[in-house]
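Spelled out from the first residue to the last, the chains are:
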Amino acid sequence: MVDATIDVIHRGGLKCDLNYLIQGNTLGSHDEPNPDTDYEEIPVWNLVIDHPEATILWDTGNHEDALDGHWPEGLKQAFYPHDVREHTLEGDLADAGYSLDDIDAVFQTHLHLDHAGGLHHFDGTDVPVYVHEKELKFAYYSEKTDKGSSAYILEDFDHDLNWQIIHQDRESHFEDVEFIRLPGHTPGLMGTMIHLDDHGTLVFSGDEIYQDVNYEDEVPLGAGLLWGNQEWFESLQTLKELERYHDAEVVYGHDPEQFEGIRSGWS
């Protein structure tokens, strides 16, 4: 167990159709062939892990210019970052009592546009940026070919960064903090398990799990955001095993109700 604190950094929200997050969330029927979809706001957030060995920024959120040309129109229409101008990384960190200069390391769960948009702040610095090998390769593959995922933006991650590449499925680079590969949403997505002195074990799933229904009812992510269905299901079981073995609390990627409960953070 480590004596660390964790601050949840609210980075605004995305407005989207929940069919992206929950497979088959809205389905037509004979009597209702064109049902109304659930178009809702989901939270975007980062963590600051104030660890004895480093102050770690966990994900970097949306790019502040998402509405001003950084995001292509199709992605804006699908995942509208309506309050992105009010939620810059620098400003949101300041609201939590941190500055960019306080950050000793960055951990990227994956490199999709709502998670890697703040990496440009670390361009040309010595701040280590942890990412899985499979994620970095898939992000470039997606942006340099017409295959892969459309949720990457090359300008988010194509910087002079001090990449620290994670090669294994489980690696620890800080005491009682373990980075765990959870493929499914993307091939290189990673969650994080932290054993805290006063709170016990937390498992941050990243976008392996968007919302409670993905975890509790084992409903997959929407097909457009699911790289591998079998891989996703196996990663779900990994999370449940971690929860049972460590009596852990599992934190989802974009669950509005859970997010309201975690905003006070842990210590």
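Residues numbered from 1 in each chain as written. Predicted model: local features only at pLDDT ≥ 70, side-chain atom pairs only at ≥ 80, totals over all residues. Heavy atoms only, no water.

*Asks:* Any chance you could break down a negative patch on the surface for me, citing the residues and the numbers?
*Replies:* A contiguous patch of negative charge, built from Asp 3, Glu 53, Glu 175, Asp 197 and Asp 198, is present on the exposed surface. According to the relative accessible area criterion, Asp 198 is exposed, its value standing at 65%. (Patch = residues over 30% accessible without salt bridge, like charges linked within 9 Å, V, L, I, M, F, W, Y side chains within 5 Å. Areas by Shrake-Rupley, 256 points an atom, 1.4 Å probe, with all protein chains shown as cover. Salt bridge = Lys/Arg side-chain N within 4 Å of Asp/Glu carboxyl O. Lys, Arg positive; Asp, Glu negative; His and termini not counted. Charge placed at Lys NZ, Arg CZ, Asp CG, Glu CD. Buried < 20%, exposed > 50% of the residue type's maximum accessible area, 1.4 Å probe, protein only.)

*Asks:* Before we move on, can you summarise the packing of aromatic side chains with the specific residues and values?
*Replies:* Each aromatic ring pair is summarised here by two numbers: the centre-to-centre distance and the angle between the ring planes. What the rule picks out here adds up to 13 aromatic pairs. A ring pair is formed by Trp 58 and Phe 204, whose centres lie 5.7 Å apart and whose planes are at 55 degrees; its orientation type is tilted. Linking Trp 58 in strand β3 (residues 54–58) with Phe 204 in strand β10 (residues 200–204), this pair joins segments that are 146 residues apart in sequence. Every member of this aromatic cluster is reached through a ring pair, and the members are Trp 45, Trp 58, Phe 107, Tyr 130, Phe 174, Phe 179 and Phe 204. A cation sits over an aromatic face here: Lys 240 above Tyr 215, 5.1 Å from the ring centre. (Phe/Tyr/Trp six-rings, centres within 6.5 Å; stacked < 30°, edge-to-face > 60°. Helix = DSSP H or I, 4+ residues; strand = E, 2+ residues; numbered from the N terminus. Lys NZ or Arg CZ within 6 Å of the ring centre and 35° of its normal.)

*Asks:* So what's going on with the UniProt feature "domain: Metallo-beta-lactamase" (unreviewed entry) in the protein chain? Residues and values would help.
*Replies:* In the UniProt entry, the feature "domain: Metallo-beta-lactamase" (unreviewed entry) is given for residues 43–254. Between the end C-alpha atoms of residues 43–254 the distance is 6 Å, and the span holds 27% helix and 25% strand. (UniProt positions renumbered as here; feature names shortened; annotations may be inferred.)

*Asks:* Give me empty space enclosed by the protein: which residues, what numbers.
*Replies:* Under the defined criterion, the tally for this structure stands at two cavities of 30 Å³ or more. Here the largest cavity is characterised by a volume of approximately 110 Å³. For the largest cavity, the lining is made up of 13 residues, of which Phe 79, Asp 114, Asp 207, Tyr 210 and Leu 225 are closest to its centre. Along the lines of polarity and charge, the residues of the lining of the largest cavity split into eight nonpolar, three polar and two charged. In this structure, the second largest cavity occupies an estimated 70 Å³ of space. Around the second largest cavity sit Val 44, Trp 45, Trp 58, Asp 59, Asp 114, His 115, Gly 206, Asp 207, Gly 253 and His 254, which together line it. (1 Å grid on protein atoms, 1.4 Å probe; cavity = no way out; pocket = protein on both sides within 12 Å on 5 of 7 lines; lining within 4 Å. Points joined across faces, edges and corners; volume = space filled by probe spheres on them. Nonpolar A, V, L, I, M, F, W, Y, C, P; charged D, E, K, R; others polar.)

*Asks:* Quick one: what's the story with the nonpolar core, residue by residue and with numbers?
*Replies:* Of all hydrophobic cores here, the largest spans 35 residues; its most connected members are Leu 21, Trp 71, Phe 79, Val 203, Ile 209 and Tyr 215. Every element with two or more residues in this core is listed here: β1 (5–17), β2 (39–51), α1 (66–70), α2 (73–78) and α7 (229–246). Examining the composition of this core, we find that four residues originate from one element, α7, more than from any other. By size, the runner-up hydrophobic cluster in this structure holds 25 residues, among which are Val 2, Phe 107, Met 190 and Ile 194. (Core = buried A, V, L, I, M, F, W, Y, C linked by side-chain atoms within 4.5 Å.)

*Asks:* Outline the sheet that holds β2, supporting the account with residue identities and numerical values.
*Replies:* Sheet strands pair by backbone hydrogen bonding; their relative direction is either parallel or antiparallel. With respect to topology, six strands assemble into an open sheet ordered β1-β2-β3-β4-β5-β6, the strand pairing being mixed. Edge strands, defined here as strands with exactly one partner in the open sheet, are β1 and β6 (162–166). For this sheet the average axis-to-axis angle between neighbouring strands, irrespective of direction, equals 25 degrees. Sheet strands in contact with helix α4 (residues 133–144) are β5 (128–132) and β6, and its direction is about 85 degrees off that of β5. (Pairing = 2+ DSSP bridges. Axes fitted to C-alpha atoms, helices over the stretch in contact; angles between N-to-C directions. Contact = heavy atoms within 4.5 Å.)

*Asks:* Requested: an account of the pattern of salt bridges, with residues and values cited.
*Replies:* This structure, assessed with the given rule, holds eight salt bridges. Salt-bridge contacts for Glu 133 lead to Lys 137; the nearest nitrogen and oxygen are separated by 2.7 Å. Of this pair, Glu 133 and Lys 137 both sit in helix α4, four residues apart, which is roughly one turn of that helix. Judged by its relative accessible area of 24%, Glu 133 is partly exposed.

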